[in-house]
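# Remarks on the overall topology
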Amino acid sequence: MPKFTLDGEEIEAPAGTTILQAALSRGKEIPHFCYHPGLSVVGNCRICLVEVEKAPKLVIACWSPVQDGMVVHTQTEKIKEAQNAVMEFLLINHPLDCPICDQAGECKLQDQAVEYGTGVSRYTEPKLALAKAVDIGKHVMLDQERCIQCSRCIRFCDEITGTGELAFFQRGERSQIGVFPGKRLDNPYSGNVVDICPVGALTLKEFRFKTRVWYLENTPSICAGCARGCNVMVATGTQQQLMTTRGQQDDRIKRIVPRVNPEVNGHWMCDEGRLSHQRLDAVGRLEQAASPAGTPVEWEAAVERAAGQIKTAAEAGRLGLVVSPRLTTETMFAWKRLLDALGGAKVGVHRIERGGDDALLILRDKGANSTGARWVFGEGAAADDVLGAAACGEIDTLVVLGDALDPEDSVQVTEEARSRLQHLVYVGSFEDAAAGQATLVLPAAAWAEEDGTLVNFDGRIQRLRRAHLPRGERRPGWRVAADLAADAGIEMPDWSSAADVLDSLAAGVGPYQGLNEEKIGMLGVPAAAAATGA
Amino acid sequence: MEKILTRNIHKENSPSIEVYEAGGGYQAYRKAIPSMGPDEVTEQVKKSGLRGRGGAGFPCGLKWSFMPKEKNKPHYLLVNADESEPGTFKDRLLMELDPHLVIEGSMLSAYAIRADVCYIYIRGEFVRPAEVMNRAIAEAYAKGYAGRNICGSDWSCELVVHRGAGAYICGEETALMTSLEGDRGYPRNKPPFPAQSGFFGCPTTINNVETLSCVSFIIERGADWFLTIGPDEKNSGPKLYCLSGHVKRPGVYEGPMGLPLMELIHELGGGMLREDRPLKAVIPGGSSVPVLRAEECEVNLDFDSLMKAGSALGSAGIMVMDSSTCMVNALHRIAYFYDHESCGQCTPCRQGTGWMRRILERIENGQGRTEDIDLLKNVADNIEGNTICALGDAAAWPVQSFVKKFRDEFQAHVDAGKCTVLSNA
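The sections below set out a description of the structure shown in this document. (Residues numbered from 1 in each chain as written. Chains lettered and ligands numbered in written order. Predicted model: local features only at pLDDT ≥ 70, side-chain atom pairs only at ≥ 80, totals over all residues.)

Quick look at unusual backbone geometry now. Residue and element names in this part refer to chain B. Omega for the bond connecting K190 with P191 falls within 30 degrees of zero, at -10°, which places this linkage in the cis form. Cis geometry marks the peptide bond from P191 to P192; its omega dihedral reads 5°. The topology assignment puts P192 in the loop between α8 (173-180) and β4 (204-208). At N13, a position not held by glycine, the phi torsion is positive, near 55°. With respect to the helices and strands, the residue N13 is situated in the segment before α1 (17-22). Given 8 C-beta atoms within 10 Å, N13 falls into the exposed group. The phi torsion at C151 lies on the positive side, around 50°, for a residue other than glycine. Of note, C151 is situated in the loop between α7 (127-142) and β3 (158-163). (Helix = DSSP H or I, 4+ residues; strand = E, 2+ residues; numbered from the N terminus. Buried ≥ 20, exposed ≤ 12 C-beta atoms within 10 Å, placed from the backbone.)

The next subject is the nonpolar core. In this structure, V400(A), L78(B) and M107(B) are the most contacted members of the largest nonpolar core, which totals 294 residues. If sequence neighbours within four positions are ignored, V400(A) has contacts with V322(A), S410(A), V411(A), V413(A), L424(A), Y426(A), V427(A) and A434(A). (Core = buried A, V, L, I, M, F, W, Y, C linked by C-beta atoms within 7 Å. Contact = placed C-beta atoms within 7 Å.)

What follows is about helix α14 (residues 347-364) of chain B. Over its 18 residues, α14(B) extends 26 Å from the first C-alpha to the last, a length consistent with the 26 Å expected when each residue adds 1.5 Å. Of all the 18 residues making up α14(B), 14 are buried; the element is thus mostly covered by neighbouring parts of the structure. (Expected span 1.5 Å × (residues − 1).)

Right, let's get into the sheet that holds strand β6 (residues 251-256) of chain B. Residue and element names in this part refer to chain B. The strand order across the open sheet formed by five strands is β6-β5-β11-β8-β9, and the pairing between neighbours is mixed. Two strands bound the open sheet, and with one partner strand each, they are β6 and β9 (292-293). Strand direction decides the pairing type here: strand β8 (residues 279-283) and strand β11 (residues 317-322), joined by four bridges, are antiparallel. Looking at the pairing, I283 lines up with M319 of β11. (Pairing = 2+ DSSP bridges.)

For E408(A), the location among the structural elements is in the loop between β16 (397-401) and α12 (415-420). Separated by 144 residues in the primary sequence, E408(A) and V264(A) have C-alpha atoms spaced 26 Å apart.

Another point: the interface of chain B and chain A. Think of interface size as the accessible area that goes away when the parts come together; that is how it is often given. Taken together, the contacts link 23 residues of chain B with 24 residues of chain A. When residues of the side of chain B that touches chain A are traced back to their parent elements, those giving at least two are α13 (327-341), α14 and α15 (370-383) of chain B. No other element matches the nine residues that α14(B) contributes to the side of chain B that touches chain A. Of the residues that constitute the side of chain B that touches chain A, the class distribution is six nonpolar, 13 polar and four charged. (Nonpolar A, V, L, I, M, F, W, Y, C, P; charged D, E, K, R; others polar.)

Keep in mind that these numbers describe shape and distance, not what the molecule does.
Structure below.
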């Protein structure tokens, strides 16, 4: 491994590592705009200039591999001057419209102008006037004036999606990014260009003008849109914004952005997952217990009634359970435990499948926890079998654990099955079709409202985290099971949080053995490691 | 001096292969292939001291020697015929009037670097040179000088003309490669150098038309003969000088490397255009090299002499300016060119060239301020050395040198709010 000196410190780095990568990996900041770890290196912004002893001129850190014996300086007067110069160049035609720009607060140009600029400009000529609010795709708007031509978005479309919608047009200071004639930036991953845009040139239609980013609270979580389990940051509004602008509670999800996990999603996520939070409000939400649907009852009364119905049916061997594959393993485990104690039920896991697997992230299996469901309920348990049994009159009470993310993805109870059921207990978050057919409704937490774990297609156990409090009477699915157990006189562990359920899971479900929240960590753990207790 | 590069251009029907061969053409080619090995050709060129005529003056044989000897991938020779530097018009003359000289030199060089294809990248505006070259290439193919098993050897090499689309930047060697690959003509960061990873990632050599045109003479007459022309072993061979501006007879002149600048202006060029307007300045190597004041013009036109004089031979585009020239106006025109031709890929050049052009525009229009002069120079300093390719430097050098050498004229412009040179002329 080459040994080199970085600002007086001797460092070893693997051959092929660039000066910038070596510096960043040691927590040393070298300013950069065009460099992105998930894309090819082009070296066009020129702000990462550093001084290498014996080199005739400054070199760009993003392009230059470290070499044995190299002596690199990043803090000299010469570099400071060069950084000031590049910063000044970047800003001469930039509109400096931070007060009305969505990127403000998370803008690399803004941050680095403060850090590496002089604070004044000697440019007194009129700035270039270019097109603003250009609609280039289903989700993306372009502001030509703010663009600093780093080409990250172009490289993303060329290298990651391979769709190549974007390119530079014109030359020199008149060069602009844009879509090719007749094309739109409509690939299934288009939102990523907004994330990687270091300035406010590319904005997401669904997020622009919604909030200032410093009012956001970010919660690291997992996308529940498909079995990939992309790592995400869920941003919600905060109390602070409430005081300044709205005067009312507003902790709704404002946006979802990918969180880097090289083992799962790299730097990216698909647009469907990015906008999945919109599904949470697609139909009315369940906030109160009801019996039947539409007729509110007290939570305790509803639980008492449900517990009675479930217990009776279970004892008679006429109970069925249909589970959404998007629920946490904790919820599945708690229900499995309850039903086993009651005498068992015919259990089926609903399958949600759409489209096909693509070459990047999107999977046909939309069940974010299909694997976890298999681990808890075993192979082969299908929702259709349970509904079939209901239609044949083999069961008379059916519990539906509805979808936590998308009301359209809850199991559809066929008219035939419904007509022969005595009780249909719906536990879920939405006033969806199944909820409408139910004789009894218990509201449960939606995707962003609870902690827990999901297991992706690859058997990776990852942590879902609560981004905001559950609405109304909603509570986590495992707690609903615990409430029912208490009412039915079943002994269950005294769980007070998802972490407690995880402890039980770790003792009861093989691949979870020995795990706790800390061990799963920010990036999750593969089942194999989990199984061996690593 | 005996005419070397221009020996055919005045002959009737000079572009035809018959005329070229009657004058001894393709003798070197037949001599070298297959009796000389590729490395032997490279060795001769190395010994001759031939340096690149495109601008940078890099030793040609040395460049070839960077090409791998083992072939794992196709090798390419790219002939840089994208002659676009303002004040430069020598390659056009060679291609239009002696295309087979270009072809013979190119193919010998292709042989030396074991090339599989030789592309001639011709500037888009050069319609006629491209036509002439294409006709000549067809003749060369018919004679077996290009294509399969050339001159009965086991070496095969295709020869193809590619026309550019009119961008100055595509004359920069890495931008030329990118353009030839079918992409937007953006220069690339170095390293890797083209010999390691060039055209489509394959070992590639890029040479200027005039450089390659020297090769057949070196092979035919020997490196030692080549060294007898010009002042020393680092500045050798015949050279084409493009003379333009305020002289009586502008044009392309052939002379030995190291021809005195004043001899070019006064003897070959017939002297200054008007007796009453003395010499004021000369840009000796195309618009991007630093300008020389009249008193600095007692200099020889070769790489090292001009380097010592603080300028460069560049592409040997000698632009002569007499006392009627407004230096602000001249620099503004140059700055306009680089602003127009900056590819826009990297920040300092993209933003800096436009900024310099605007400052100059203001000074020229009488709205300049004294601090603009230092600002202008500082913007140029901030571009220089910080860009991907040499276009940034090319834009900065004239600004730095004009401001340094003719500062009083810029100041006069600012003070008077108008041009004092043009109004007095």
